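What follows is each chain in one-letter form.
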Amino acid sequence: MANHPLLLMLPLVTSFLVVVNGFLAVAALEEGLSTTTRDTVMGQRHRGGRELDECQLSRLNSLEPTNRIQCEAGTIESWDPNEDEFRCAGVAVVRHIIEPNGLLLPSYTNAPQLIYIVEGKGIQGLVLPGCPETFQSSQQQSQYGGSRERGSAGKREEEFGERGTAGQRGGQLQDQHQKIRHFRQGDILAIPMGAAQWVYNDGDRPIVAIVLLDTTNNHNQLDVNPRRFYLAGNPEQEHPSQGERRRHGQQPFSRRGGQGGGEGTGCRNIFCGIDAEFIAEAFRVDMDLATKLQNENDNRNNIVKVEGRLQVLRPPRREQEMERGSRRETEWETESERHSRRGGRHGGGGYTEEADSNEGDQEENGVEETLCTMRLRENIADPRRADVYTQNVGRINTVNSHNLPILFWLQLSAEHGVLQRNAMMVPHWNMNAHSVIYVIRGQAKVQVVDNNGQAVFDEDLQEGRILVVPQSFAVVKRAQSEEFEWVSFKTSDNAMINAAAGRNSYIRALPDEVVANAYQISIEEARRLKYNRKGTTVFRPEGQGRSRRAEA
C-alpha cells in the first residue's frame, strides 16, 4: 500500500501543478502589465524622458500667440511649441477663430486634441475609421425605378439633388456620412489622434476655440513637433518649423513627372504630393476631378467661407428642444452624480474615488459599445454642474475619464473655474499632471513656486494668455477683476490636486504635534492653522482687511 504507484507519483504531480500555476500567474501578470501598467509607464517615459532637464525652469512666463494665419473666414493663432514651458509639458496650443458661415477644412493631427469652446456654437464632423455612415438623406430607390421612398429626410432631397454613383443601376443613394455633432460655448471636445475632423460655424457670432495637442502622448509615434495634416485646400501650417520658415514654401522633396501639384506650387494638402493619375484610380474618377482635389490655385487658407449655407444632414436644432433636453439632463445628473461623478474630483484635492458605475455617463441610450458611439463632448462651463461651489465666491467644474470615458485613452482632462473679485483658490499642487491654464476673461494675481521654494512666477495673469504650471509646482491664484475665468488642460485622464490649506488639505490631515514641531509653533497655533479655514477649494479672505488694520 505504501508503494502504490499513484502515491509515488503524487509529489511529482504536485510539483508540476505548482510550476504550471507559477507560469500562469507570471503570464497573467505580464498580460496585466501590457494593458495597464506597461502602457502607463511607457507613456510617462515618453512624456518626461526626452531630456532630463526639460522642466528645470527657473522662471515661468505667461505666453501670447507668436504666429497668426489670416484666412478667408477666420483666423488661426498659435503659440510657439518650442517655448520652455510647452516643452516641459509636452503640449502645443492653437486658437481657432471661425467667422459665421466659416468652414475649418478637414484635417487630422499626430497627437490627441482637447478643444475648449470659449465662444460661439457650431457643428463638427469627426471621421472615425470603421464607423458606419449613420446619417442618410433618403432610402434607396426601388430596383425597378419606382417612386422614391421619402421619409422624414425626404424634404432635404431637393436640396442635395441627384448624387448617385455613375453607372449604378436600379437606384441612387443620396448623401450619407458619419454622425455630425453640435457643440456650444463651454463644451470640451475630445479628438483622438489621426481622426479627421471639420468644423462649421452655423451661428451668428464667431467661434473661438482653444486647442491643446498632447504631442508627447505615447500614441504619437512621430515626434514631439505638432503637425496638422490637411485633406483639402491650400492651408498654411499652424506651427511652422524652422526648416519650413527657411524653405518659405519650397517643397522638401522633388517629384518626377505626373500630373500632381506637389512640385513648384504652393499646394499643401496631402493629395498634393500624390500623382493625379493615382488619385483618379483610387477614387475611380476622371483626371480633371482628380486634379481639383489638389487645390493648386486655392488662396482661401485653412478656414474658408461657404457659399450660401452649408447643407448637411443633421437633426434639427430647436431652442425649445434643447432647453427641454438640458432640463432633463440636469435632473438626471443631479441624481446620477451621487454615483458616477462622486468622489471629490476636486474638493481640495486628494485621490478620486472610482465610480460605482459608469452607466450614467454613457451615450443617450445608456449603452457604451464602441468608439463609434462613445461620447466625445462634455460641457464644463454650466454652473449647474459645478463640482466645487461657494456662493458669491466661485466655482470649479472638471471633466475626466470618469464622466467622459474617452479621456482614458487620450490621457487628458480639463478644469473650468470662475472666481469673483478678491476670491482665491487655495494653494495647491498638481499631483500627477502638468496644467496648461488659458485665461478666458479677467485677470488674477498668480504665484507659482518650485521645489527650491522659489517663486518662478509672481505676476498678473491676463485675458488671452497661457501659463504652464509644471507637475508638483505649488500654485495659488486670486481674482483681481469682477470675474476671473479660466480653463486648464491637464496631462492626465484623472488629474488630482493636493491642497495646502482648507478642510481637505494636507495640513488638516497631520497630527497637531507634527505641525507644531515642523513649523516650530505652539499646539494652539497648530490647531489654528488646521481648523481656521473652513472652506475647501475656493474662498474669500474676509478677515484679511481687519488683520492688517490691527497690525497697523
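Residues numbered from 1 in each chain as written. Predicted model: local features only at pLDDT ≥ 70, side-chain atom pairs only at ≥ 80, totals over all residues. Heavy atoms only, no water.

- The protein chain has the name Cupin type-1 domain-containing protein in an unreviewed UniProt entry, where Trapa natans is given as its organism.
- The UniProt entry for the protein chain carries this comment under Function (unreviewed entry): "Seed storage protein."
- Taken verbatim from the UniProt record of the protein chain, the Sequence similarities (unreviewed entry) comment is "Belongs to the 11S seed storage protein (globulins) family." (UniProt positions renumbered as here; feature names shortened; annotations may be inferred.)

### So, the state of the cysteines
And step 1. Counted under the stated rule, the structure contains three disulfides.
And step 2. The disulfide partner of Cys131 is Cys372, and the gap between their sulfur atoms is 2.0 Å. Its S-S torsion of about -90° marks the bond between Cys131 and Cys372 as left-handed, since a negative value means left-handed. Placement of the pair is Cys131 in the loop between strand S6 (122-127) and strand S7 (135-136) and Cys372 in the loop between helix H8 (319-336) and strand S15 (377-379), with a sequence separation of 241 residues.
And step 3. Judged by its relative accessible area of 25%, Cys372 is partly exposed.
And step 4. Once the bonded cysteines of the protein chain are numbered in order along the sequence, the disulfide links fall as 1-2, 3-6, 4-5. (Disulfide = S-S within 2.5 Å. Helix = DSSP H or I, 4+ residues; strand = E, 2+ residues; numbered from the N terminus. Buried < 20%, exposed > 50% of the residue type's maximum accessible area, 1.4 Å probe, protein only.)

### Quick word on the pairing of strand S24 (residues 474-479)
And step 1. Two elements, strand S19 (residues 424-430) and S24, share four bridges in a ladder whose sense is antiparallel. Bridge pairing in S24 links Met425 to Lys477.
And step 2. Both strand S21 (residues 443-449) and S24 contribute to a ladder of six bridges, which runs antiparallel. Residue Val448 lies in a different strand from S24, and its bridge partner there is Val475. (Pairing = 2+ DSSP bridges.)

### So, the nonpolar core
And step 1. Counting residues in hydrophobic clusters, the biggest one holds 69 residues, and the most contacted among them are Tyr116 and Phe489.
And step 2. In terms of residues, this core owes the most to one element, strand S12 (residues 207-213), which gives seven residues.
And step 3. The next biggest cluster of nonpolar side chains, apart from the first, holds 26 residues, and it includes Val388, Val446, Leu461 and Phe484. (Core = buried A, V, L, I, M, F, W, Y, C linked by side-chain atoms within 4.5 Å.)

### Looking at the packing of helix H10 (residues 512-519) against helix H11 (residues 523-531)
And step 1. Between H10 and H11, the shortest axis-to-axis distance is 8 Å and the interhelical angle comes to 110°. Taken together, the axes of H10 and H11 lie roughly perpendicular to each other. Residues Asp512, Glu513, Val515 and Ala516 of H10 touch H11, and the partners they reach there are Ile523, Ala526, Arg527, Leu529, Lys530 and Tyr531. (Axes fitted to C-alpha atoms, helices over the stretch in contact; angles between N-to-C directions. Parallel < 35°, antiparallel > 145°, perpendicular 65-115°, else oblique. Contact = heavy atoms within 4.5 Å.)

### Brief notes about H10
And step 1. Within the sequence span of H10, burial applies to Asp512, Val515 and Ala516. Buried residues along H10 cover an arc of 95° about the axis, so they all sit on one side. Exposed residues pointing more than 90 degrees away from the buried face of H10 are listed as Glu513, Asn517 and Ala518.
And step 2. Next to the buried residues of H10 lie H11.
And step 3. Two residues or fewer past H10, Gln520 is found with a positive phi of approximately 55°. (Arc of directions from axis to C-beta.)

### Let's talk about the side chain of Ser505
And step 1. Take Ser505: it is sitting in the loop between strand S26 (497-499) and H10.
And step 2. Under the relative-accessibility criterion, Ser505 is labelled buried at 5%.
And step 3. Of the polar contacts made by the side chain of Ser505, one reaches the backbone oxygen of Gly502; its length is 2.8 Å.
And step 4. Non-local contacts of Ser505, meaning those with residues more than four positions away in its chain, are made with Ala499 and Ala500. (Polar contact = N/O pair within 3.5 Å; in protein donor to acceptor, adjacent residues only side chain to side chain.)

### Topic: unusual backbone geometry
And step 1. Here the phi dihedral of Gln411 falls at roughly 60°; this positive angle occurs in a residue that is not glycine.
And step 2. On the secondary structure map, Gln411 appears in the loop between helix H9 (407-410) and strand S18 (413-420).
And step 3. Take Gln411: its relative accessible area is 28%, and that puts it in the partly exposed class.
And step 4. Here Ser472, not a glycine, exhibits a phi torsion of approximately 75°, which is positive.
And step 5. Structurally, Ser472 is set in the loop between strand S23 (466-469) and S24.

### Structural notes on the sheet that holds strand S1 (residues 67-71)
And step 1. Read from one edge of the open sheet, seven strands run S1-S2-S3-S12-S5-S10-S15, paired in antiparallel fashion. Two strands bound the open sheet, and with one partner strand each, they are S1 and S15. Averaged over all adjacent pairs, the angle separating strand axes in this sheet is 20°, with direction ignored.

### Regarding the packing of aromatic side chains
And step 1. In the structure shown here, the tally under the stated rule is six aromatic pairs.
And step 2. Taking 5.4 Å as the distance between ring centres and 90° as the angle between the ring planes, the aromatic pair formed by Phe408 and Trp409 counts as edge-to-face.
And step 3. For Phe408, a relative accessible area of 45% puts it in the partly exposed group.
And step 4. Between the NZ or CZ atom of Lys477 and the centre of the ring of Trp486, over which it lies, the distance is 4.8 Å. (Phe/Tyr/Trp six-rings, centres within 6.5 Å; stacked < 30°, edge-to-face > 60°. Lys NZ or Arg CZ within 6 Å of the ring centre and 35° of its normal.)

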